[in-house]
Amino acid sequence: EHARWSAGILFLSNHLHPMNMWFRAFGPADELKALSIIAAAADQLGISRSQVVWKPHPIFATLDEPLRHRVVEAVKSFGFACWPDGVSLEKAADFRHVVCTRSTVALDMLQLGMVPIILDTQLNNAQDAVSIFPYQASDPASLVRAVHLSMKSSDDGSAFDDLWAKVGVAAPVSLSFVNKF
């Protein structure tokens with residue numbers, strides 16, 4: 001099963017999180033929109049939908065069963081697979097393309113050595129670490145462009161190096177100065 005991932009797309013999403021105000025206001029609408037964008041882009045890129053894997057935020061498992069069922073059925077109707085239970089996030093490296101919503105999971109991908117494409121369907125224009133990721137998309141056309149750009153720069157690693165220099169892990173916090181007071 002995992003062998004087919006190498007040419008595929010991993011879509012990591014946090015749209016279905018109770019702390020997401022858009023989810024609280026509109027339910028799974030943004031998740032369904034994001035899935036349709038991924039489907040359209042995969043079609044344009046010639047990537048089989050069977051090579052697309054959807055991974056929601058872990059809190060998805062705690063949501064109401066009817067909602068979970070509705071979303072999983074939508075994922076399946078697009079021809080996508082769901083991320084298998086118990087598989088480490090490190091397996092994201094097995095995918096050719098990693099796309100994620102505006103989330104700290106983008107930073108997790110960076111720590112794993114990958115520069116994901118940020119799919120921002122909620123257009124929240126936040127000024128945070130994720131906003132400086134080089135590949136940003138909000139619709140199928142911009143996602144296709146971002147995939148092409150990421151493929152061009154992944155060969156030399158410059159996008160990762162540049163981004164890591166801006167966002168990389170900070171030095172460990174030290175509270176030793178507290179003893180001086």
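Below is a short write-up of the structure. Being a predicted model, the structure only gives us computed values, none of them experimental. (Residues numbered from 1 in each chain as written. Predicted model: local features only at pLDDT ≥ 70, side-chain atom pairs only at ≥ 80, totals over all residues. Heavy atoms only, no water.)

1. Considerations on the overall build of the chain
Next, step 1: Per the secondary structure count, the chain includes six helices and six strands.
Next, step 2: The helix and strand sequence of the chain, counted from the amino end, reads β-α-α-β-α-β-β-α-β-β-α-α.
Next, step 3: Burial statistics for the chain: of 181 residues in total, 43% are counted as buried.
Next, step 4: Counted over contacts in the chain with a minimum sequence separation of 6, partners at least 24 positions apart contribute 65%. (Helix = DSSP H or I, 4+ residues; strand = E, 2+ residues; numbered from the N terminus. Buried < 20%, exposed > 50% of the residue type's maximum accessible area, 1.4 Å probe, protein only. Contact = heavy atoms within 4.5 Å.)

2. Some details on the sheet that holds strand 1 (residues 9-13)
Next, step 1: Ordered in space as 3-2-1-4-5-6, the six strands form an open sheet in which the pairing is parallel. Bordering the open sheet on either side are strand 3 (81-82) and strand 6 (136-137), each of which pairs with just one other strand.
Next, step 2: Pairing geometry for strand 5 (residues 117-119) and strand 6, over two bridges, is parallel. Its bridge partner being in strand 6, Ile118 is matched across the sheet by Gln136. (Pairing = 2+ DSSP bridges.)

3. Some points on the pairing of strand 2 (residues 52-56)
Next, step 1: Along strand 2, five of the five residues are buried, which leaves the element largely enclosed by surrounding structure.
Next, step 2: Across the two faces of strand 2 the burial is the same, with Val52, Trp54 and Pro56 and Val53 and Lys55 all buried.
Next, step 3: Of the strand pairs in this sheet, strand 1 and strand 2 are connected by five bridges, and their pairing is parallel. Bridged to Leu12 within strand 2 is Lys55.
Next, step 4: Relative to strand 3, strand 2 runs parallel, the two being bridged by two bridges. Paired with Val53 across the strands is Ala81, a residue of strand 3.
Next, step 5: Taken together, strand 2, helix 3 (residues 65-77) and strand 3 constitute a β-α-β crossover, and its handedness is right-handed. (Right-handed = clockwise from strand over helix to strand, strands pointing away.)

4. Let's talk about the pattern of salt bridges
Next, step 1: On inspection of all chains with the given rule, the structure shows four salt bridges.
Next, step 2: With a shortest N-O distance of 2.6 Å, Asp128 and Arg102 are connected by a salt bridge. Of this pair, Asp128 sits in the loop between strand 5 and strand 6 while Arg102 sits in the loop between strand 4 (97-100) and helix 4 (105-111), and the two are 26 residues apart along the sequence. (Salt bridge = Lys/Arg side-chain N within 4 Å of Asp/Glu carboxyl O.)

5. Digging into the packing of aromatic side chains
Geometry of an aromatic ring pair is reported as the spacing of the ring centres plus the angle between the planes.
Next, step 1: Across all of its chains, the model carries five aromatic pairs by this definition.
Next, step 2: Between Trp22 and Phe26, the aromatic rings sit 6.0 Å apart at their centres with planes inclined by 15°, giving stacked as the arrangement. Pair noted here: Trp22 and Phe26 are both in helix 1 (residues 21-26), with a separation of four residues, about one helical turn.
Next, step 3: According to the relative accessible area criterion, Trp22 is partly exposed, its value standing at 30%.
Next, step 4: By relative accessible area, which is 51% here, Phe26 ends up exposed. (Phe/Tyr/Trp six-rings, centres within 6.5 Å; stacked < 30°, edge-to-face > 60°.)

6. Description of the nonpolar core
Next, step 1: Formed by 52 residues in total, the largest nonpolar core has its most connected members in Trp54 and Leu143.
Next, step 2: Tallying contributions element by element places helix 2 (residues 29-45) first for this core, with seven residues.
Next, step 3: If we skip the residues at most four places from it in the chain, Leu143 touches Ile37, Ile38, Ala41, Val99, Ile117 and Ala137. (Core = buried A, V, L, I, M, F, W, Y, C linked by side-chain atoms within 4.5 Å.)

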